[in-house]
Amino acid sequence: MENTAFTNCIQCHNEFDESRRHPHVLSCLHTCCSSCLERIVSGKQIFCPDCHSQTEISSDPCKELPLDTACRNYLDFVRIQRKPTDIQCTDCPDQSSASSFCKECFTFMCPECTTAHKRTAITRKHLVVPVSELKESGLNEFHRKDTCNKPGHEEQVFTFYCDRRGCDIPICTLCAVCDHNQTNGHLIRNLSDVYEDSKTVVQSVIREINARGTPMSEAVDQLEKVVDELAATETDISQEIDTIFDKYQKILNERRYQLQMEVQNHCQVKKRDLQEKVKTLKSYTTDVKTATDFTNRVLLYTTATEFLNLKNVILRRILELKNVNVSIPAKDDVALRFLRGVSDDSFVQLINGIGNVSSRESPIPQSTLHNGHSDTGPMKSGRSEYTSPINQELSRSPARTPPSEAPRNTISVTPTTPQSVKRVGDSIAVSRQMSIPAAATPIREPVQRQTSLPAPLEEKKTMSTVAMMNGMPKTPAEEKTSFFSKAKQKTAQANRESFQQLSPDRPFQPVTSPISPKTPTTMPPELKNLPGVVYGDIVCPDFTFDVLTIHNEREVSLDGKILRNRKTGKPSSSGTAEKQFQNYKGIVGNFPFKELGKYYYEVDVSFTIYQPLEQTWLVYELGICRKDIIDTHHTVERHEHARSCYVARYPEDGKLAHEFWHNRDLLTYVPLSDNTAGITVDLTYGLLVDTRRRKWTIADVGKQKKLHTFTGIDFTEALYPVFGTYNPDLVSVEMTLRTGSEISAFPPFLKGF
């Protein structure tokens with residue numbers, strides 16, 4: 001049966017031909033016609049219409065991408081099998097039907113062209129057979145004769161193969177004598193020997209891949225069954241949630257009605273009392289007015305004898321009114337107040353504690369296939385992807401997928417499982433680890449680039465320095481910035497003087513300090529034994545980078561205070577260290593946040609851009625995360641139990657921005673600086689962790705500006721501070737950790753967060 005998927009283009013779905021639809025092979029081994037390639041090429045990249053994999057090119061794709069000769073040969077074969085009379089003459093401009101076929105030139109010819117072909121001196125000895133006879137021939141009859149296309153080597157058949165690295169091509173006899181002479185270091189082998197060796201290697205790998213077929217099929221069947229059951233499960237759980245919350249909603253409505261009735265009853269009683277008091281006060285006011293008017297009239301219009309006769313009556317009445325006890329209620333005595341009885345945070349915590357959607361592993365065999373063999377291990381999701389060996393970290397795709405950074409000189413299958421590549425003899429043995437279940441959205445790779453580092457850039461002057469040079473006084477904001485800059489420079493200078501690299505003969509000694517004598521006595525009881533200082537209810541713990549966790553491509557100082565994204569000396573830790581990160585491109589702090597309280601620390605960051613970042617490449621990351629999941633990837637922003645603030649190129653405007661992520665979701669972003677070669681940025685981050693209120697606030701101390709506050713953080717397990725640095729070929733990054741007594745004051749603008 002004819003395979004149309006093999007003979008048709010994956011883009012236009014038309015059958016390949018010898019005119020405008022030559023079959024070309026992409027790096028993902030899908031075949032696309034030359035006409036479609038010209039339409040879908042984007043700069044130096046081609047994205048497969050079928051699997052969306054990326055193919056890098058440097059010139060014309062139709063010239064650079066190889067022809068799918070297997071498809072071409074098969075098409076010639078099936079066209080003969082379909083209807084030989086429909087085949088047209090290859091060279092005839094009249095598109096006449098072909099009647100014969102030249103096996104030497106590999107052309108179909110009409111009767112006139114056949115006659116001319118047999119008459120020409122060069123082609124008269126060629127083997128020409130009728131088209132009708134080809135229908136009984138096998139596929140081997142349609143294999144074209146491979147000849148050299150080098151000028152002057154025409155009609156020379158490929159008989160040798162140059163196996164020198166960098167050549168790896170079939171050659172003719174003239175090539176072996178001239179361009180690929182063994183005296184010049186070329187390695188000449190017989191073409192058939194190389195073919196047999198290469199075919200053996202490919203067939204061996206194919207057998208290993210096919211050996212995975214059965215467990216893969218079983219896993220797919222079980223996953224499809226689970227997917228089918230998920231719909232029913234979703235409906236059942238949704239109904240259960242609705243029932244519970246309808247019940248709680250009814251309780252809330254009843255409580256609301258009860259409180260409203262209490263307010264109504266209180267107000268009715270108060271109204272009755274107040275109305276009686278108003279009536280009494282109005283009556284008293286009328287009596288006073290009557291007595292006053294009568295007395296004034298008597299004093300005005302009577303004689304002395306007449307007044308004295310009325311004196312006792314008047315005195316008796318006005319004294320009676322004077323002695324009346326009149327009470328006027330104060331506003332606070334009659335005002336009603338609603339006592340909430342529960343805070344917003346407590347209520348939110350209570351509501352968040354209602355129910356929990358848990359997911360346990362399905363009964364699918366949790367096996368990781370490695371070279372055709374099954375090893376027990378956890379299942380991870382992810383799509384296989386190929387990463388070329390490049391001199392820079394892998395970026396996120398323009399679709400705002402989470403960032404990724406591929407290890408150098410590796411082939412990455414999943415974001416957390418590197419592949420190993422080994423050269424065995426004349427072949428490449430690829431060791432892959434594949435994971436089940438479903439594939440995630442593919443992460444596209446950046447264009448491979450070679451970067452060179454320029455000479456050190458001139459140190460940038462601050463605005464305060466410029467103002468002083470021009471004779472202008474500093475503003476209060478500049479005075480504040482100058483204070484923080486001086487403190488940062490002093491700390492950085494002290495750390496640089498002690499910056500030394502670890503080696504096996506100089507083990508790391510943690511730096512700790514007792515509580516400062518000036519520490520206020522308001523420290524929470526559970527934190528009394530913590531080294532550091534306290535300002536009010538804010539604890540500034542004394543901790544450092546855990547230098548034994550540093551990734552082997554990064555550098556940390558011996559005192560655990562400075563982190564760099566490029567190496568300037570010996571490795572900072574032994575390559576066999578048990579705690580050393582293998583995936584996360586950075587380091588972790590040696591202090592966990594778990595006990596109830598508020599914690600504050602600062603990080604000075606200075607970075608210089610050598611070459612503008614492209615796509616959404618990373619500069620650095622500050623985060624908090626559970627320790628056991630930090631090293632599963634080169635960033636922590638994709639984890640549920642982590643929060644991440646990192647600086648990267650923002651794709652919408654091409655500039656650098658702070659981005660705040662949690663569980664693969666971009667919560668917000670704050671613009672930072674231009675993405676220009678030569679620019680240097682210095683800033684100090686203030687980081688406030690509040691385990692009671694489940695918050696983490698990141699602020700720019702120099703600008704006295706809060707950048708973002710993460711809420712609803714789970715501190716039931718300890719979270720550690722993490723620090724990542726990236727792309728050393730494009731940008732230099734230096735982080736200085738400031739903790740404990742190094743923090744001279746808690747920034748006032750952060751109070752209340």
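Residues numbered from 1 in each chain as written. Predicted model: local features only at pLDDT ≥ 70, side-chain atom pairs only at ≥ 80, totals over all residues. Heavy atoms only, no water.

Engineer: Looking at this structure, how should I read the overall build of the chain?
Structural biologist: Helix and strand content of the chain: 14 helices and 31 strands. Considering the chain as a whole, with its 753 residues, one finds that 37% of them fall into the buried category. Considering only residue pairs separated by 6 or more positions, the chain has 62% of its internal contacts joining residues 24 or more positions apart. When the accessible area of the chain is evaluated, it comes to approximately 43,700 Å², of which 53% is carbon and sulfur surface. (Helix = DSSP H or I, 4+ residues; strand = E, 2+ residues; numbered from the N terminus. Buried < 20%, exposed > 50% of the residue type's maximum accessible area, 1.4 Å probe, protein only. Contact = heavy atoms within 4.5 Å. Areas by Shrake-Rupley, 256 points an atom, 1.4 Å probe, with all protein chains shown as cover.)

Engineer: Could you clarify how one ought to interpret the environment of N14 in this entry?
Structural biologist: Position of N14 among the secondary structure elements: in the loop between α1 (4-7) and β1 (23-25). Judged by relative accessible area, which is 33%, N14 ranks as partly exposed. Each C-alpha atom, one on N14 and one on C33, is 8.6 Å from the other, the two residues being 19 residues apart in sequence. Residues contacting N14, with those up to four places away along its chain left out, are T7, N8, C9 and R21.

Engineer: Is there a simple way to explain the sheet that holds strand β9 (residues 169-171) in this structure?
Structural biologist: The pairing of strands in a sheet comes from backbone hydrogen bonds and takes either a parallel or an antiparallel form. The three strands lie next to each other as β9-β8-β10, forming an open sheet whose pairing is antiparallel. For this open sheet the edge positions go to β9 and β10 (188-190), each flanked by a neighbour on one side alone. Within the sheet, the average angular offset between the axes of one strand and its neighbour, ignoring direction, is 40 degrees. (Pairing = 2+ DSSP bridges. Axes fitted to C-alpha atoms, helices over the stretch in contact; angles between N-to-C directions.)

Engineer: Honestly, empty space enclosed by the protein in this entry has me stumped. Any pointers?
Structural biologist: Sizing a probe to match a water molecule and rolling it over the atoms shows the empty space that remains. What the rule picks out here adds up to two cavities of 30 Å³ or more. By volume, the second largest cavity amounts to about 40 Å³. Here the lining of the second largest cavity gets four residues from one element, more than from any other, and that element is helix α4 (residues 69-82). (1 Å grid on protein atoms, 1.4 Å probe; cavity = no way out; pocket = protein on both sides within 12 Å on 5 of 7 lines; lining within 4 Å. Points joined across faces, edges and corners; volume = space filled by probe spheres on them.)

Engineer: Whenever I open this one, the sheet that holds strand β7 (residues 128-130) confuses me. Can you help?
Structural biologist: With antiparallel pairing, three strands are arranged side by side in an open sheet as β6-β5-β7. Only two strands of the sheet have a single neighbouring strand rather than two, namely β6 (107-109) and β7. Taking the axes of each pair of neighbouring strands and ignoring which way they run, one obtains an average angle of 30 degrees across the sheet. Pairing of strand β5 (residues 100-102) with β7, which is carried by three bridges, proceeds in the antiparallel orientation.

Engineer: What exactly am I supposed to notice about the pattern of salt bridges here?
Structural biologist: Opposite charge on two side chains permits pairing when their charged atoms draw close. Following the criterion strictly, the structure yields 22 salt bridges and no others. When the shortest N-O distance is used, the salt bridge between R626 and E717 registers 3.5 Å. Of this pair, R626 sits in the loop between β23 (618-625) and β24 (642-649) while E717 sits in the loop between β29 (705-710) and β30 (720-725), placing them 91 residues apart in sequence. Note on E717: relative accessible area 41%, which makes it partly exposed. In this structure, a network of salt bridges that share partners links the residues D163, R189 and D197. (Salt bridge = Lys/Arg side-chain N within 4 Å of Asp/Glu carboxyl O.)

Engineer: Looking at this structure, I do not really get the packing of aromatic side chains. What am I missing?
Structural biologist: In this description, an aromatic ring pair is defined by two values, namely the gap between the centres and the angle between the planes. In total, this model carries 17 aromatic pairs according to the counting rule given. Each ring, one from Y600 and one from F746, has its centre 5.0 Å from the other, and the planes form 80 degrees; the classification is edge-to-face. Residue Y600 is located in strand β22 (residues 598-609), and its partner F746 is located in the segment after β31 (731-738); the two are separated by 146 residues in the primary sequence. Three or more aromatic residues joined by ring pairs make a cluster, and in this case those are F543, F591, F593, Y599 and Y601. The residue whose ring lies beneath K627 is Y720, and the NZ or CZ to ring-centre distance is 4.8 Å. (Phe/Tyr/Trp six-rings, centres within 6.5 Å; stacked < 30°, edge-to-face > 60°. Lys NZ or Arg CZ within 6 Å of the ring centre and 35° of its normal.)

Engineer: When you look at the packing of helix α9 (residues 213-301) against helix α10 (residues 304-322) in this model, what are you seeing that I'm missing?
Structural biologist: For the pair α9 and α10, the least separation of the axes is 11 Å and the interaxial angle reads 160 degrees. For the element pair α9 / α10, the angle class is roughly antiparallel. Helix-helix and strand crossings are classified by hand; for α9 and α10 the assignment is left-handed. Touching Y284, D287, V288, A291, F294, T295, V298, L299 and Y301 of α9 are E306, F307, L310, I314, R317, I318 and L321, all from α10. Looking at the contact of α9 with α10 residue by residue, the class counts come to twelve nonpolar, one polar and three charged. (Parallel < 35°, antiparallel > 145°, perpendicular 65-115°, else oblique. Left-handed = near helix turned anticlockwise from the far one by under 90°. Nonpolar A, V, L, I, M, F, W, Y, C, P; charged D, E, K, R; others polar.)

Engineer: Quick question: what am I supposed to make of the nonpolar core here?
Structural biologist: In summary, soluble globular proteins display a tendency toward joint burial of nonpolar side chains. Membership of the largest hydrophobic core comes to 46 residues, with the highest contact counts inside it found for Y601, F607, Y620, Y685 and F723. Elements supplying a minimum of two residues to this core: β22, β23, β24, β25 (656-662), β27 (680-690), β28 (695-700), β29 and β31. By size, the runner-up hydrophobic cluster in this structure holds 18 residues, among which are I10, I57, C62 and L65. (Core = buried A, V, L, I, M, F, W, Y, C linked by side-chain atoms within 4.5 Å.)

Engineer: Honestly, the confidence of the model for the chain in this entry has me stumped. Any pointers?
Structural biologist: When pLDDT drops low, the exact placement of atoms in the prediction is not to be read closely. Residues at a pLDDT of 70 or more form 73% of the chain, whose mean pLDDT is 76. Mean pLDDT values over the elements of the chain span from 32, in strand β13 (residues 411-414), up to 97, in β30. Taken together, the stretch residues 406-488 has pLDDT below 50 and engages in 164 contacts with residues farther than four places along the chain or on a different chain. Segment residues 571-576 is flagged for pLDDT under 50; beyond a separation of four residues in sequence, or across chains, it makes 14 contacts in the model. (pLDDT = per-residue confidence, 0-100.)

Engineer: Help me understand a nonpolar patch on the surface, please; the structure alone is not making it clear to me.
Structural biologist: A surface patch of nonpolar side chains, amounting to about 590 Å² of accessible area, comprises I237, I241, I244, F245, Y248, I251 and V357. Within the secondary structure, V357 sits in the loop between α12 (344-352) and β11 (367-370). (Patch = residues over 30% accessible without salt bridge, like charges linked within 9 Å, V, L, I, M, F, W, Y side chains within 5 Å.)

Engineer: Sorry, what's going on with the side chain of R626 here?
Structural biologist: We classify R626 as buried; its relative accessible area is 10%. Within the local environment of R626, its side chain forms a polar contact with the side chain of D714, the two groups lying 3.1 Å apart. Not counting residues up to four positions away in its chain, the partners in contact with R626 are H641, D714, T716, E717, A718 and L719. (Polar contact = N/O pair within 3.5 Å; in protein donor to acceptor, adjacent residues only side chain to side chain.)

Engineer: Please clarify how the pairing of strand β17 (residues 532-535) should be interpreted in this entry.
Structural biologist: Residues in a regular strand project their side chains so that they alternate between the two faces of the sheet. Sheet topology note: the β17/strand β18 (residues 538-541) ladder contains four bridges and is antiparallel. Along β18, the bridge assignment pairs Y535 with I538. The antiparallel hairpin formed by β17 and β18 contains two residues in its connecting segment, where G536 sits at a positive phi of about 65 degrees.

Engineer: Explain the pairing of β29 to me, please; I cannot follow it from the model alone.
Structural biologist: Pairing of β28 with β29 involves five bridges; the strand directions are antiparallel. Considered in β29, the bridge of I698 is made with H708. Here β28 folds back onto β29 in antiparallel fashion, the turn holding four residues, of which Q704 has a positive phi close to 50 degrees.

Engineer: Looking at this model, I keep getting lost on unusual backbone geometry. Mind explaining?
Structural biologist: Among all residues except glycine, the phi angle is most often negative; among peptide bonds, the trans geometry is most common. For H13, which is not a glycine, the phi torsion comes out positive at approximately 65 degrees. One non-glycine residue, R694, lies in the positive phi region at around 60 degrees. For R694, the location among the structural elements is in the loop between β27 and β28. Taking relative accessible area as the criterion, R694 reaches 27% and is therefore assigned partly exposed.

Engineer: Where do I start with the state of the cysteines in this structure?
Structural biologist: Note on terminology: a disulfide is the covalent bond linking the sulfur atoms of two cysteines. Overall, the coordinates contain zero disulfides when judged by the stated rule. Cysteine C12 is unpaired, with the sulfur of C36 as its nearest cysteine sulfur at 3.6 Å. Relative accessible area serves as the criterion here: at 22%, C12 is assigned to the partly exposed category. Here C162 is not disulfide-linked; the sulfur of C167 is the nearest cysteine sulfur, at 3.7 Å. Overall, the relative accessible area of 0% leaves C162 in the buried class. (Disulfide = S-S within 2.5 Å.)

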